[in-house]
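The primary structure of each chain is shown beneath.
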Amino acid sequence: MSFERFESKLWLATPTMHGEEQAYVKEAFDTNWVSTVGANLDALEKGICEKVGCKYAVALSAGTAALHLAVKLAGIQPGDKVMCSDMTFAATVNPVAYEKGEQIFIDTEYDTWNMDPLALEKAFQLYPDAKAVVVANLYGTPAKLDEIQTICKKYNAVLIEDAAESLGATYKGIQTGTFGAYNAISFNGNKIITTSGGGMLLTDDKDAADKARKWSTQARENAPWYQHEEYGYNYRMSNILAGIGRGQLLHLEEHIARKKEIYMRYKEGFKGLPVQMNPYMEDSMKPNFWLSCVIINKEAMCKQVRTATEASYESEPGKSCPTEILERLAEYNVEGRPIWKPMHLQPICKNNLFVTANGTDVGADIFDRGLCLPSDIKMTEEQQKIVIEIVKSCFE
Ligand SMILES: *Cc1c(COP(=O)(O)O)cnc(C)c1O
């Protein structure tokens, strides 16, 4: 099969609009609710509560803002230890540092590429006074959430779920974004549904939702003037952007179905290649398949060297590596991406603790051998076939 460079770039994940979004935005203009109050905000919060099955949703300017307020709700004080997913986007763990908490990074397991409950248990045995756990559901695949929940109960730690990438995914039939006391979702432009930028804090605790609402709008007290007893933030979502989200929410299930098709096509297309798709536990999980990723079998890895900021490799017949595949994809105008580089390998976290289940650094291994493939739901079957052929060509 021969193929040419794509004329327009094939992206990892971009927004997919349907029309209703613009109608709701227009409604906001027409009624002049061009503000952080309005019908779109109310409807989006209500819609998410119904979809996810939580009692309260607070619409915010970003998923990161939701995580920050979650860390504050968990009562994290300077010096408090917080167990955090290690192989994730920095936004999962940065809010702990905003509150001067100390992140302890928990290694990853191979079944779901999320926080390893065994490593978490070990970390609590070492540091039983840790106050909270922040767990992310990577690439739309739930973590082993009930095992993690059980450990949190045992050690009396608050669970915060970062469901930024996993909206609509379920674990044992229950939606992600409901397992923590406080949970975050994101509507960033590349996520399963978007408001261009935005997020939400989800909780069943009315008091917590009220606090988050207050903090997100500069923490005004109930008084005739601007009265302040604590620090607040300007974290509320705009009613304009909520209109985009309100329209998008109508298409969440459709987006998930398209993402799943993409995942399954890659899986089928890579049969016979020494690679595996990003895994999930079929008996207990329904991911939202936000990003399709592959990991190259150990024996099929060619030599690859990564410094702090650069990568190189030595091509070998029958073998490849993420760097070669990413470079080859880029030649054809296709976007791919390395796996999230584990936080314990990041220079900003060089002084943090890192706990593995048995001494093996699983996160570093997945980072070494894995990569994300274009998973945009506007990618056609024909285009995806070519992406598959490009990846195959790397192993020739
Ligand atoms: C996108 C993302 C966030 C942050 O969400 P924003 O809305 O971009 O602030 C947090 N955690 C993970 C795992 C994410 O992918």
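Residues numbered from 1 in each chain as written. Predicted model: local features only at pLDDT ≥ 70, side-chain atom pairs only at ≥ 80, totals over all residues. Heavy atoms only, no water.

What follows deals with the environment of Leu 202. Relative to the helices and strands, Leu 202 is located in strand S9 (residues 199–203). Leu 202 sits 41 residues away from Glu 161 along the chain, and the two C-alpha atoms are 9.4 Å apart. In contact with Leu 202, not counting residues within four places along its chain, are Ile 48, Val 52, Cys 54, Tyr 56, Ala 57, Gly 177, Ala 181, Tyr 182, Asn 183 and Ile 185. (Helix = DSSP H or I, 4+ residues; strand = E, 2+ residues; numbered from the N terminus. Contact = heavy atoms within 4.5 Å.)

To continue, consider helix H4 (residues 90–98). Of all the residues in H4, the buried ones are Ala 91, Thr 92, Val 93, Pro 95 and Val 96. Looking one or two residues beyond H4, the residue adopting positive phi is Lys 100, at roughly 60°. (Buried < 20%, exposed > 50% of the residue type's maximum accessible area, 1.4 Å probe, protein only.)

Now for the packing of aromatic side chains. Tallying each qualifying case throughout the model produces nine aromatic pairs. Ring centres 5.7 Å apart and planes at 70° place the aromatic pair Tyr 171 and Phe 179 in the edge-to-face group. Grouping residues by exposure puts Tyr 171 and Phe 179 together as buried. Pairing Tyr 266 with Phe 270 gives two aromatic rings, centres 5.6 Å apart and planes at 15°, and the pair type is stacked. Taken together, the ring pairs in this structure connect Phe 89, Tyr 139 and Trp 340 into an aromatic cluster. Sitting over the face of the ring of Trp 215, Lys 72 holds its NZ or CZ atom 5.1 Å from the ring centroid. The ring of Tyr 226 is capped by Arg 220, whose NZ or CZ atom sits 3.9 Å from the centre of that ring. (Phe/Tyr/Trp six-rings, centres within 6.5 Å; stacked < 30°, edge-to-face > 60°. Lys NZ or Arg CZ within 6 Å of the ring centre and 35° of its normal.)

Pairing in this open sheet of eight strands is mixed, and the strands run S1-S9-S8-S5-S4-S2-S3-S16 from one edge to the other. Edge positions in the sheet fall to strand S1 (56–60) and strand S16 (353–355), since each has one partner strand and no second. Across this sheet, the average inter-strand angle for adjacent strands is 20°, counted without regard to direction. Alignment of strand S3 (residues 102–106) against S16, held across three bridges, turns out to be parallel. The partner of Ile 104 across the bridge, within S16, is Leu 353. (Pairing = 2+ DSSP bridges. Axes fitted to C-alpha atoms, helices over the stretch in contact; angles between N-to-C directions.)

So, on to the domain arrangement of the chain. The domains assigned to the chain are domain 1 (20–249) and domain 2 (252–393). Opposite the 48 residues of domain 1 that make contact, domain 2 presents 45 residues. The junction of domain 1 with domain 2 conceals about 3,900 Å² of combined surface from both sides, 63% of it contributed by carbon and sulfur atoms. Taken together, the links from domain 1 to domain 2 amount to one salt bridge. Glu 253 serves as the salt-bridge partner of Lys 51, at 2.4 Å between the closest nitrogen and oxygen. Scanning the region where domain 1 abuts domain 2 turns up 23 residue pairs in polar contact (both at pLDDT 80 or more). When residues of the side of domain 1 that touches domain 2 are traced back to their parent elements, those giving at least two are H4, S3, helix H5 (117–126), strand S6 (170–171) and helix H8 (239–249). The class makeup of the residues in the side of domain 1 that touches domain 2 is 24 nonpolar, 12 polar and 12 charged. (Domains from an automatic or database assignment. Buried area = accessible area lost by both parts, 1.4 Å probe. Salt bridge = Lys/Arg side-chain N within 4 Å of Asp/Glu carboxyl O. Polar contact = N/O pair within 3.5 Å; in protein donor to acceptor, adjacent residues only side chain to side chain. Nonpolar A, V, L, I, M, F, W, Y, C, P; charged D, E, K, R; others polar.)

Attention now goes to the packing of helix H3 (residues 63–73) against H4. Two quantities define a packed helix pair, namely the angle between the axes and the distance from one axis to the other. The interhelical angle for the contact between H3 and H4, taken along N-to-C directions, is 45°, at an axis separation of 8 Å. On the basis of the axis angle, H3 is oblique to H4. Judged by the sense of rotation from one axis to the other, the crossing of H3 with H4 is right-handed. Residues Thr 64, Leu 67, His 68 and Val 71 of H3 touch H4, and the partners they reach there are Ala 91, Thr 92, Pro 95, Val 96 and Tyr 98. Of the residues in the contact of H3 with H4, the class split is six nonpolar, three polar and no charged. (Parallel < 35°, antiparallel > 145°, perpendicular 65-115°, else oblique. Left-handed = near helix turned anticlockwise from the far one by under 90°.)

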